Amino acid sequence: MRLLRSVFASLRGRIFLAVMLSGLVAGLSVGTASYVVARSMIKERVEKDVAGVGNDVLRIIEGVWVPTLKMQMKVLAEVAAALYAMGPAPGVLGSALGGKQIKVPGFKRLNLFHPGGLFLGSTDPAYRGRVEESIQGLGADEVRMIPFHREGEGTQTELLMSVAAPVVVDGKVVAVLVGDLTPEGIGGELGSLTVGISGEAYLVDAEGRLITRPPRSLSEMGLEILGEPLHTEGVRRVVEGQSGVAEYRNYAGRKVLGGYFRLPETGWGIMVEEDSANAFADLTRLRNLIIYVVAGLALASMLAAALLAHMIADPLRRLQDAAEKLGLGDLGFRVEVRGGQELEGLATSFNRMADALHSSHLMLEDKVRKRTAELRTLYEMVFSLWGYRDPDEILQRAMQAVMDFSSHEMGWCYLAAGESFNLLYSRTPAGEVGLLPERFTAGEGPLGEAIAAGEAVFLEPGEEHDHAELARLFPGGSVILLPLRSAKRTLGLLCTASAEAGQLGEESRRTLSALAGEVGIALENAMLHRELQRHVEELEQANRELRSLDEMKSNFISMVTHELKQPLSLISGYAQTIRDYYESLTYEEELQCLQVILERTEFLSRLVDELLDLSLLEMGRVRLNKEVCDLEGVARKVASQYAERSPDQPIVVDFSPEFPLVMADARRMEQVLTNLVSNAVKFSQGKGEIRLEGRVRGDRVLVRVMDRGIGIEPSKLKRVFDRFYQADGSMKRPYSGVGLGLFICRELVEAHGGRIWAENRHGGGTIVSFEIPRGMEGREVGAEK
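Reading the values: the criteria
Residues numbered from 1 in each chain as written. Predicted model: local features only at pLDDT ≥ 70, side-chain atom pairs only at ≥ 80, totals over all residues. Heavy atoms only, no water. Buried < 20%, exposed > 50% of the residue type's maximum accessible area, 1.4 Å probe, protein only. Helix = DSSP H or I, 4+ residues; strand = E, 2+ residues; numbered from the N terminus. Pairing = 2+ DSSP bridges. Axes fitted to C-alpha atoms, helices over the stretch in contact; angles between N-to-C directions.

Peer 1: I would appreciate a short explanation of the pairing of strand 4 (residues 158-169) in the present structure.
Peer 2: Sheet faces and side chains relate simply in a regular strand, where the side chains alternate between the two faces. In terms of burial, strand 4 is largely enclosed, as 11 of its 12 residues are buried. Both strand 3 (residues 144-151) and strand 4 contribute to a ladder of six bridges, which runs antiparallel. Bridge pairing in strand 4 links Glu-151 to Glu-158. Following strand 3, the chain reverses through six residues before pairing antiparallel with strand 4; Gly-152 in that reversal takes a positive phi of roughly 90 degrees. Bridge analysis of strand 4 against strand 5 (residues 172-181) gives nine bridges, and the strand direction is antiparallel. Within the sheet, the bridge partner assigned to Ala-165 lies in strand 5 and is Leu-177.

So, in structure tokens, the structure goes:
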């Protein structure tokens, strides 16, 4: 025994024992090989038998059954055509078909349809028919197979396959004869086939649903005709268009040897299956025989095999268990093996490998955790930035993300503004507020150099670099400069710094560089969006102004036409009156007519003057003739003129005693006051007094025209000085005018360097005020309009 132990103590001795047992193994190999060869031959024979049955069924269906059905239907259609020829009416033929109650072997019933699919009659009196769309377009020489389908509802549901043949008379399809078949009829034929000892044959459609019920299936299995598709391997293959023989589990879960064959014309699959146990009964007997032969040899070698398994398998099993635990994540597990120098050395090497793997795993976990955090930060940052349209907010969020990512406690963000970059936001301790400039240009200082280079800058303590000036700003600290670029330009700069943060790895630097690129694109989009919004608003404003101007011009043309027509009509009427009744008119009546003609002529003259002034103002050709002007005297002159024209309207001139002479164009100032007093008289209609006041306001003078008229709506006070604008723009307004008087007043006052405005008077009425400097240089009127 000691000798045996010493022999088998080493791996070499154990190998010797294995070689000694090789004879037994060879015997087992020969027996196994014999079994495999015999099994292959028997299996091939059995598969040929199954394939032969399947092919026979395939030939019967394709070569006999289907052609017979078609021939039957074709013959029946010819008989129907002959009947139709005797009484050419599809309805008569349908009635005749129903009355005969014809029975055709293989068919449940015969139905007659119009070529368009309308039901006409049936050999089954209880059948109510259907609209058969599948027979539409049936040719004169065509016999069509209609796959199995459900018809009817509830308890009246039928599963039918149909064969359609045309009823042809004089080359024209006058009706379609359709024969219905049931799965039971087809299943009865297949059920009579014998497949081995316990085999069966059945049909499935192109989707794997049963067409005929397997003869050996039980009702509790829940198999239904055209129900849920079968999910066996054979059905799957035949649905895919394959044909062959294979072992698989059938619908009942039993292992079978099955043949599957596809019918090209109908798309059906023929399934021929037999229990594997019965199919390979001869193989089972052969296997048992070989087992008995080898059993003696196996029994003789069991003790030696058990000894060998104990001596070799036990240490190896320990190593296997250790490897499995290592693979499952138990990196701290170590193995102890005794049983030979080689195995002990293998266990030692295994333990060293486990130590190295554990250390590598810890390092890899740390790298993965850091990299995952970096990528998550980049993803969240990029994803969030695309939702913002404000460049300031994008920069602030991007700077905060970089600070969080790099663990820096200081940050600055700059935004491009023309040729310079302005500090938008900073986050620094109180003592570091002025560390970086508030503004710089490309190429100016360390920040400008980074912008000009267009590359990210990473400064770490102890690293060599070419940014000495930047390093002096942050001695011993870490600095990150990220230029924010789009495809065309540099839009900003992100800068973060820290005196304590650790160094960034190469992956982290690439991540920050990629982040800067995405921020640059987001900034470009935000700026383009802001610029687009500004252009849209400008276009909308210009469009509104153009529409308003166009509307005012249209109104102006209408108003001018109206204002010209009315005085011309009065002038024409009174002139015609003088001409026709000259001899009979009294002197006073003639003076009245001439007065009206004179007033209307003056009105037309003023209107023409206003239009001429408008034209000159728009062309910028009106110039001021400035000289020393007595503005109070001009006001009294205008008031006197309107007092004579409207004696019922009180007009008061109230200028302060210190009111000075001014440098102004007296004729234009008279035009301004005339327009303002004219409006006051027109809208007052004799109600209350009209006041012309003059006051001194420092180096300027103020003139106000006040009335107690109808006033102006507050919302229209600023627009009354616009060109063509009138508070009441309707053609039926009670006041004349074309909306140019106040516009001309504003242009002339502004030409003097002054301003004009309107306001409602407390207690009713309007105050129109203007002020001009006492003296100023003349300028061209309308030059800036």
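Peer 1: In this structure, what is going on with the pairing of strand 23 (residues 766-773)? I would like to understand it.
Peer 2: Counting buried residues in strand 23 gives eight out of eight residues, a clear majority hidden from the surface. Burial of the side chains of strand 23 extends over both faces: Thr-766, Val-768, Phe-770 and Ile-772 are buried on one face and Ile-767, Ser-769, Glu-771 and Pro-773 on the other. As judged from the seven bridges shared by strand 21 (residues 700-706) and strand 23, these two strands associate in the antiparallel manner. Note that in strand 23 the partner of Val-705 across the bridge is Val-768. The pairing of strand 22 (residues 755-760) with strand 23 spans six bridges and is classified as antiparallel. The residue bridging Arg-755 from the neighbouring strand is Glu-771, located in strand 23. The turn linking strand 22 back onto strand 23 is made up of five residues, and Gly-763 within it adopts a positive phi angle of 90 degrees.

Peer 1: Is there a simple way to explain the sheet that holds strand 5 in this structure?
Peer 2: The strands making up a sheet associate through backbone hydrogen bonding, with each pair oriented either parallel or antiparallel. Strand order in the open sheet made by the five strands is 2-1-5-4-3, with antiparallel pairing throughout. Because the sheet does not close on itself, it has two edges, and the strands there are strand 2 (119-122) and strand 3. Between one strand and the next, the sheet's axes are offset by a mean angle of 30 degrees, whatever the strand orientation. Pairing of strand 1 (residues 109-113) with strand 5, which is carried by five bridges, proceeds in the antiparallel orientation. When the bridges of strand 5 are listed, Arg-109 appears paired with Asp-180.

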